[in-house]
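# Notes for the structure review
The primary structure of each chain is shown beneath.
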Amino acid sequence: MIGSGDVRKAVERVGDQVRSVALAPAGERVWFALEFLQHTGSFKARGALNFTMAAADSGAMPRAGIAIASGGNAGLACAWAAGQRGIPATVFVPETAPRVKVARLRALGAEVRQVGLEYAEAADACAAFVAERGALASHAYDHPLIAAGAGTLLDEIVAARPSITTVVVAAGGGGLFAGVAAAAEGRGVRVVAVEPEHCRALNAGLAAGGPVDVPVDSVAADSLGARRASADAVAWAARPHTRSVLVPDKAITAARRELWEGHRIAVEAGAAAARAALASGSYVPAPDEEVCVVLCGANTDPSDLAAGADAAAGDHLRARVP
C-alpha cells in the first residue's frame, strides 16, 4: 500500500512541473480546490507525470512508449506527460467517451483507439496491445506512482490553507483518494471519498473487505465509471481518518449546475460529485470542520450548462408574463 513517503518522492519528482492548486472561498468554512485548472484539465496530470518521469529516468521506457486505457482524463494526462519527454502514447477509450476528450487526446499527439462501451473493454484491448507491442502499461488509477502523484495535491492544499481539516474528493477507481489519504495520514486531515450511488466501486469494496466488481450506471460514469477500485484505495477507505459516502445522480447534476450558475465554474459531472456530497447532505461537516472540496476536472462540453440556464430564464419570464 502506498504511503506518505511515496507522495513525498512524487513531490520531489514532479516539482514545479505541475500547476500549484488555487483555493477559492465557497461559503462559511468551505473552500474549493480549483484542480480543474491543472494541465490537461484534471488532477490526472500529477500521477501521469510522476509515472512517466520515474520510468524514463530509470531507463524502463520502451521504444513503443506508453499505453493506457482511460475514460478520457487519464488518457489526456498520459498523452501530455509523454509529450513532455517526446514519448509515444497510445490511448484506449470507450466508444462512449465524450467527443471533447477524444478530440483533445488527438490534439496532444496520442494515437486514440476507441473500443467497447465501458472502461473494462478498453482496458482489455490495451492489455492485448501491450502484450503484442511491448509498450509500457500505465493505468488510469491503479498504480502506486499514479496514486502517489495524485497525492501531491494534498500538500498544496495544506500549504495554501493550514486550517483545512477535511478534504472531499470524488472517487472512481480511487487513485486520487488513495494518494490524498496517504498524504493526509499523520496531518490530522480527514478525507471523504464521494461516489455516485450506482457507480460505487470503492464503497462496495469497503463493505466487502476488498476490491469487487460493481455495475456502472451514472451521469458521471465517463470519469468515475471504474468497475473495481484499487486495493490501495479500499485499504485507505478502512482507515479512521477517511470516510466513504454516496450521492444520487440528481444531486450531482444539481451541483454541477449550481457551480455554473453560482460561481461560473464549468466542471464535468465527476468533479461535481464532490460538491454534491455537501450540497445534498450526504456529508455533513461538524461545526469545527473547515472543508476543502476538490473540483478535480473540467473536460466537459459546457453548452448544456448554458442551454439549461437559458431555458430556466425563459421559464421564469414566461411565468411572469400573462
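Summarised in this report is the structure supplied together with it. Not measured: the values here are computed from a predicted model.

### Here we look at helix α12 (residues 269–279)
Taken across its 11 residues, α12 has 10 buried, putting it largely inside the fold. What α12 keeps buried is the set Ala269, Gly270, Ala271, Ala272, Ala273, Ala274, Arg275, Ala276, Ala277 and Leu278. Phi turns positive, to about 85°, at Gly281, one or two residues after α12.

### Notes on the packing of helix α3 (residues 73–84) against helix α4 (residues 99–107)
Between α3 and α4, the shortest axis-to-axis distance is 9 Å and the interhelical angle comes to 10°. For the element pair α3 / α4, the angle class is roughly parallel. Facing Asn73, Gly75, Leu76 and Ala79 of α3, the residues of α4 in contact are Lys101, Arg104 and Leu105. For the contact of α3 with α4, the per-class residue count stands at three nonpolar, two polar and two charged.

### With respect to the nonpolar core
Grouped together as the largest cluster of nonpolar side chains are 71 residues, with contacts concentrated most on Ile157, Val167, Val168, Phe177, Leu202, Val293 and Leu295. Dropping the residues within four chain positions of it, Val167 is found in contact with Leu154, Ile157, Val180, Val189, Arg190, Val191, Val192, Cys292 and Val294.

### Things to note about the side chain of His241
The topology assignment puts His241 in the loop between α10 (231–237) and β9 (242–247). We classify His241 as buried; its relative accessible area is 15%. At a separation of 3.0 Å, a polar atom in the side chain of His241 contacts the main-chain carbonyl oxygen of Ala181. Those residues in contact with His241 that lie beyond four places of it in its chain are Ala181, Ala184, Glu185, Val189, Arg190, Val191 and Trp236.

### Overview of the environment of Ala237
Mapped onto the secondary structure, Ala237 falls in helix α10. The spacing of Ala237 and Gly205 is 32 residues in sequence and 9.0 Å in space, taken between C-alpha atoms.

### Some remarks on the sheet that holds strand β4 (residues 89–93)
Spatial ordering of the open sheet is given by β5-β4-β3-β6, a layout of four strands whose pairing is parallel. Sheet topology places β5 (111–114) and β6 (136–137) at the edges, where each strand pairs with a single neighbour. Against the sheet, α3 touches β3 (66–69) and β4, its axis set at about 170° to β3.

### Focus on the sheet that holds strand β10 (residues 291–294)
Taken in spatial order, the six strands of this open sheet run β1-β2-β10-β7-β8-β9, and their pairing is mixed. Strand pairing shows two members of the sheet lacking a second neighbour, β1 (23–27) and β9, which therefore form its edges. Across the sheet, the mean angle from the axis of one strand to that of its neighbour is 25°, orientation sign disregarded. Bridge count between β1 and strand β2 (residues 30–33): four bridges; the pairing is antiparallel. By the bridge assignment for β2, Gly27 is matched with Val30. Running over the sheet, helix α6 (residues 144–160) touches β1, β2, β7 (166–170) and β10 and is turned about 140° from β10.

Thresholds, definitions, all that
- Residues numbered from 1 in each chain as written.
- Predicted model: local features only at pLDDT ≥ 70, side-chain atom pairs only at ≥ 80, totals over all residues.
- Heavy atoms only, no water.
- Buried < 20%, exposed > 50% of the residue type's maximum accessible area, 1.4 Å probe, protein only.
- Helix = DSSP H or I, 4+ residues; strand = E, 2+ residues; numbered from the N terminus.
- Axes fitted to C-alpha atoms, helices over the stretch in contact; angles between N-to-C directions.
- Parallel < 35°, antiparallel > 145°, perpendicular 65-115°, else oblique.
- Contact = heavy atoms within 4.5 Å.
- Nonpolar A, V, L, I, M, F, W, Y, C, P; charged D, E, K, R; others polar.
- Core = buried A, V, L, I, M, F, W, Y, C linked by side-chain atoms within 4.5 Å.
- Polar contact = N/O pair within 3.5 Å; in protein donor to acceptor, adjacent residues only side chain to side chain.
- Pairing = 2+ DSSP bridges.

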